[in-house]
Amino acid sequence: MTAIPDREALGTLLRHVLDLLDGDVAAVYAGLDLADYRPRFSPLVRVLVADGPLAIRDLAARVGVTHSAASQTVAQMARAGLVVLAPGADARQRIVTLADRARALLPAIEAEWAATTTAMRGLDAELPVPLANELYAVLAALRRRPLRDRIADTGLAPARPPA
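Cut-off values and rules
- Residues numbered from 1 in each chain as written.
- Predicted model: local features only at pLDDT ≥ 70, side-chain atom pairs only at ≥ 80, totals over all residues.
- Heavy atoms only, no water.
- Salt bridge = Lys/Arg side-chain N within 4 Å of Asp/Glu carboxyl O.
- Helix = DSSP H or I, 4+ residues; strand = E, 2+ residues; numbered from the N terminus.
- Buried < 20%, exposed > 50% of the residue type's maximum accessible area, 1.4 Å probe, protein only.
- Pairing = 2+ DSSP bridges.
- Contact = heavy atoms within 4.5 Å.
- Axes fitted to C-alpha atoms, helices over the stretch in contact; angles between N-to-C directions.
- Phe/Tyr/Trp six-rings, centres within 6.5 Å; stacked < 30°, edge-to-face > 60°.
- Core = buried A, V, L, I, M, F, W, Y, C linked by side-chain atoms within 4.5 Å.

1. Some points on the pattern of salt bridges
Opposite charge on two side chains permits them to pair, given that their charged atoms come into close proximity.
Line of reasoning, step 1. On inspection of all chains with the given rule, the structure shows five salt bridges.
Line of reasoning, step 2. With its nearest N and O atoms 2.9 Å apart, the salt bridge here joins Arg46 to Glu110. Of this pair, Arg46 sits in helix H2 (residues 41–51) while Glu110 sits in helix H5 (residues 100–126); the two residues are 64 residues apart in sequence, bridging distant segments of the chain.
Line of reasoning, step 3. Residue Arg46 is classed as partly exposed on the basis of its relative accessible area, which comes to 29%.
Line of reasoning, step 4. Given a relative accessible area of 33%, Glu110 falls into the partly exposed group.
Line of reasoning, step 5. The partner of Arg145 in a salt bridge is Asp153, and the shortest N-O contact between them spans 2.4 Å.
Line of reasoning, step 6. Overall, Asp153 belongs to the exposed group, its relative accessible area being 53%.

In structure tokens, the structure reads:
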């Protein structure tokens, strides 16, 4: 096991927690003979099951990630044979559809999702505050006042004004 990051290195600490969570879920998938399936695929798969084929931009909005992040994940999913891409209304748009392979894996994907949700409830019971509640509180606080403004309040002047 790697060392625990310094308390003040919050970005490193958050990445460490995410790596632990994702790594363990990936290990579960490997145990289910789905070594090429990534935890980051499940939110997109779940949206595509619920809503049907979507443009990458719409998929990103429904999952709550940037267009770039969704596009990268969709590219990985396409390489794994989980989605099919088709041209959209214009040359810039691509429509994402679940491939037959993803549909065949849905029972395993749904079972893992349910098991992980149950496991996270158990983890939450050990924490002073459920993890998702705390993360939503952090997001709300940063939307009210971004970290860059909070840093500026310390008196650190930017080298040049932002463009």
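2. Focus on the sheet that holds strand S3 (residues 94–98)
Line of reasoning, step 1. In spatial order, the strands read S1-S3-S2; together these three strands make up an open sheet with antiparallel pairing. Two strands bound the open sheet, and with one partner strand each, they are strand S1 (54–55) and strand S2 (83–87).
Line of reasoning, step 2. Relative to S3, S1 is paired through two bridges, and the arrangement is antiparallel. By the bridge assignment for S3, Ala55 is matched with Ile95.
Line of reasoning, step 3. Its contacts with the sheet put helix H4 (residues 67–79) on S2 and S3, and the angle it makes with S2 is roughly 115°.

3. As for the packing of aromatic side chains
Line of reasoning, step 1. On inspection of all chains with the given rule, the structure shows two aromatic pairs.
Line of reasoning, step 2. Measuring from centroid to centroid gives 4.6 Å for Tyr29 and Tyr37, while their planes differ by 55°, and the two rings are tilted. For the pair Tyr29 and Tyr37, a shared accessibility class is recorded, and that class is buried.
Line of reasoning, step 3. Between Tyr37 and Phe41, the aromatic rings sit 5.4 Å apart at their centres with planes inclined by 85°, giving edge-to-face as the arrangement. As far as burial versus exposure is concerned, Tyr37 and Phe41 are alike and both buried.
Line of reasoning, step 4. Through successive ring pairs, a cluster of aromatic residues spans Tyr29, Tyr37 and Phe41.

4. Concerning the nonpolar core
Line of reasoning, step 1. Tyr37, Leu59 and Leu82 are the most contacted members of the largest nonpolar core, which totals 25 residues.
Line of reasoning, step 2. Elements with a contribution of two residues or more to this core: helix H1 (10–31), H2, helix H3 (56–63), H4, S3 and H5.
Line of reasoning, step 3. Sort the elements by how many residues they give to this core and H2 lands first, with five residues.

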